[in-house]
Amino acid sequence: NRDELVFEHDAILQEGGNRTKFEVKVTRLEENAIVVVVRDVSERYRRFEAEKRFVFETTARQKDAEANRFTRHEVKNGLLAAIEICGNIREQFSEDF
């Protein structure tokens with residue numbers, strides 16, 4: 001019966017002061033025996049964060065583009081309605097005067 005525990009840990013190494021993300025896996029083999037595996041997952045974590053930022057920024061740009069299209073459409077419709085109203089008023093004034 002093997003018990004396993006997996007967790008992540010951030011550490012700042014002396015070299016350059018960069019933050020390093022480790023994945024630690026502890027497995028109990030027997031009553032008095034365990035295996036500890038420590039892996040540097042910093043690059044994988046950075047790629048994941050970069051992909052997450054890319055998706056967020058792309059989604060934000062798409063939402064902005066949709067909002068701009070909607071706004072342009074609404075402004076255009078409002079302007080066309082205003083032009084039509086001005087034309088009707090002009091006709092009324094030219095007929096009355």
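Residues numbered from 1 in each chain as written. Predicted model: local features only at pLDDT ≥ 70, side-chain atom pairs only at ≥ 80, totals over all residues. Heavy atoms only, no water.

Participant: Before we go on, may I ask you to explain the overall build of the chain in this structure?
Facilitator: Tallying secondary structure elements over the chain gives one helix and three strands in all. From first element to last, N terminus to C terminus, the chain shows the α and β order β-β-β-α. For the chain, whose C-alpha radius of gyration is 32 Å, the value lies well above the compact-globule estimate of 13 Å for 97 residues. The principal-axis extents of the C-alpha atoms in the chain amount to approximately 105 × 40 × 15 Å. (Helix = DSSP H or I, 4+ residues; strand = E, 2+ residues; numbered from the N terminus. Rg over C-alpha atoms; globule rule 2.2 N^0.38 Å.)

Participant: Which parts of the structure should I look at to understand the pattern of salt bridges?
Facilitator: For side chains bearing opposite charge, pairing can occur when the charged atoms are close. Scanning the model with the defined rule gives five salt bridges in all. Ionic pairing is found between Lys25 and Glu4, a salt bridge with its closest N-O pair at 3.6 Å. A residue pair is termed long-range when its members are at least 10 positions apart, and Lys25 in strand β2 (residues 19–30) and Glu4 in strand β1 (residues 3–12) qualify at 21 residues. Linking Glu43 and Arg46 is a salt bridge whose minimum nitrogen-to-oxygen distance equals 3.6 Å. One end of the pair is Glu43 and the other is Arg46, both in helix α1 (residues 42–96) and three residues apart, which spans about a single turn. A cluster of three or more residues bridged by salt bridges with shared partners is formed by Glu23, Arg39 and Arg44. (Salt bridge = Lys/Arg side-chain N within 4 Å of Asp/Glu carboxyl O.)

Participant: Can you help me understand the packing of aromatic side chains in this one?
Facilitator: The geometry of an aromatic ring pair comes down to the distance between the two centres and the angle between the two planes. The final tally for this structure, using the stated rule, is zero aromatic pairs. The ring of Tyr45 carries the charged tip of Lys21 above its face, separated from the ring centre by 4.6 Å. (Phe/Tyr/Trp six-rings, centres within 6.5 Å; stacked < 30°, edge-to-face > 60°. Lys NZ or Arg CZ within 6 Å of the ring centre and 35° of its normal.)

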